[in-house]
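Okay, here's what each chain looks like letter by letter:
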Amino acid sequence: MLFTSESVTEGHPDKICDQISDTILDSILEKEPIENRINARCAVETLVTRGLVIVTGEVRTTAYIDVPTLVRNTILDIGYNRAKFGFDGETCAVITSIEEQSADIALGVDRSLELKSKQVEDPFEKIGAGDQGIMFGYATNETDAYMPLPILLAHRLAKRLADVRKSDTLDFLRPDGKTQVTIEYDENNKPVGIETVLISTQHSPDIKRQELEETIKEHVIIPVIPENLFTKNTKILINPTGRFVIGGPQADTGLTGRKIIVDTYGGWAPHGGGAFSGKDPTKVDRSATYMARYVAKNLVASGAADEVLIQLSYAIGVAKPVSINIDTKGTAKVDEEKIYKVVNEIFDFRPAAIINNLDLLQPIYKKTASYGHFGRKDVEFPWERLDKVKELKAALGL
């Protein structure tokens, strides 16, 4: 069996938008007084095209946010800092249209359905889910990052492209780029080797094709791909069109939330109904997806199963999830009903509890907007912690 996943660099137009939206969220959280962060709201979308950035959405904050400056600094940090790259953070136009959050939505988020019906307040029922929807979390022991191998390698190749560009190791590279990895699996769904590595990277018009291919192999592919995964049949494709000079927003319109499969598990596991970037953690599209990954990863690390897929569903304005489903794909080492019971005893899936337990009111979100939200080694995210393994082992008798 062959399975393929892709990633994109931080200079891809869609990822520019994700980073801008999350930079605005981070700025709100950073400037909002800590005691008031739970009341801040952000749902911001960004669009980029040739010479133009449009930022729109709804926020609620007591802080002043200089959106145009945040936009320009984000674009410059990515590497679009010269007009000859076709897009420049200093000269592009920035249009903003940001309104207050809907009062109707706030009714359910600020005070959950459970809290309205009780005399005694439970702090974790203070807020309801910011929207209805379904969310998935996944983990597998296929890799030490508890991620499927194809998306893990695709992300690391994309990150490596950015690293060698920014360090001037390969000074002919430009910010836009995509990677793709195809893994061959055996009849037991175990990876046995790489079928294809595909890299498409924006570059200077001056670089010769042969030099580009040789240096990408030497400085990007070989340092990232474990040697034992190469086979005699492995194919390496680099810029198969032959030329990738025009890139970024000059070549393609970008939009927040259009790389949701890249953000999660590369297509190996399902994705829920919504994207992440630009959304504060009262939006369960984001926070509950992080929680589901956190629980799944701790279950796999505890030895409860080789892989775990968790689905959560919520109703807007209601704190408790409508449903929780745990699927071990037949790999459970203990009874699945026991796993379900223990998970519900140890973990609290109400939005306020998720925000508290995973410390989601910190300005950490721009870092999530490139190279995946899960399985990262270059940054530490609270939903990647393995702090419940010991408790799970004890409760499950492992």
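The structure contained in this document is the topic of the report that follows.

About the criteria used
Residues numbered from 1 in each chain as written. Predicted model: local features only at pLDDT ≥ 70, side-chain atom pairs only at ≥ 80, totals over all residues. Heavy atoms only, no water. Pairing = 2+ DSSP bridges. Helix = DSSP H or I, 4+ residues; strand = E, 2+ residues; numbered from the N terminus. Axes fitted to C-alpha atoms, helices over the stretch in contact; angles between N-to-C directions. Contact = heavy atoms within 4.5 Å. Parallel < 35°, antiparallel > 145°, perpendicular 65-115°, else oblique. Left-handed = near helix turned anticlockwise from the far one by under 90°. Nonpolar A, V, L, I, M, F, W, Y, C, P; charged D, E, K, R; others polar.

**Concerning the sheet that holds strand 7 (residues 133-140)**
Move 1: Spatially, three strands are ordered 7-12-13 in an open sheet, and the strand pairing comes out antiparallel. Where the open sheet ends on each side, the last strands, each with one partner, are strand 7 and strand 13 (323-327). When the angles between neighbouring strand axes are averaged without regard to direction, this sheet yields 15°.
Move 2: Pairing of strand 12 (residues 307-314) with strand 13, which is carried by five bridges, proceeds in the antiparallel orientation. Counted as the bridge partner of L309 is D327 from strand 13.
Move 3: Across the sheet, helix 8 (residues 284-302) is in contact with strand 7 and strand 12; its angle to strand 7 comes to roughly 30°.

**Quick word on the sheet that holds strand 9 (residues 191-203)**
Move 1: The mixed open sheet is built from four strands, whose spatial order is 1-8-9-10. Both edges of this open sheet fall to strand 1 (2-8) and strand 10 (235-238), since each of them pairs with a single strand only. Here the average twist between neighbouring strands, direction ignored, is 15°.
Move 2: Strands strand 1, strand 8 (173-185) and strand 9 of the sheet are contacted by helix 5 (residues 149-166), whose axis makes an angle of about 155° with strand 8.

**Observations concerning the packing of helix 9 (residues 336-346) against helix 11 (residues 389-396)**
Move 1: Where helix 9 contacts helix 11, the two axes come as close as 10 Å, and the packing angle between them is 135°. By the angle class used here, helix 9 and helix 11 are oblique. The way helix 9 lies across helix 11 gives a crossing that is right-handed. Of helix 11, the residues touching helix 9 (which contributes K338, I339, V342 and I346) are E391, L392, A395 and L396.
Move 2: Looking at the contact of helix 9 with helix 11 residue by residue, the class counts come to six nonpolar, no polar and two charged.

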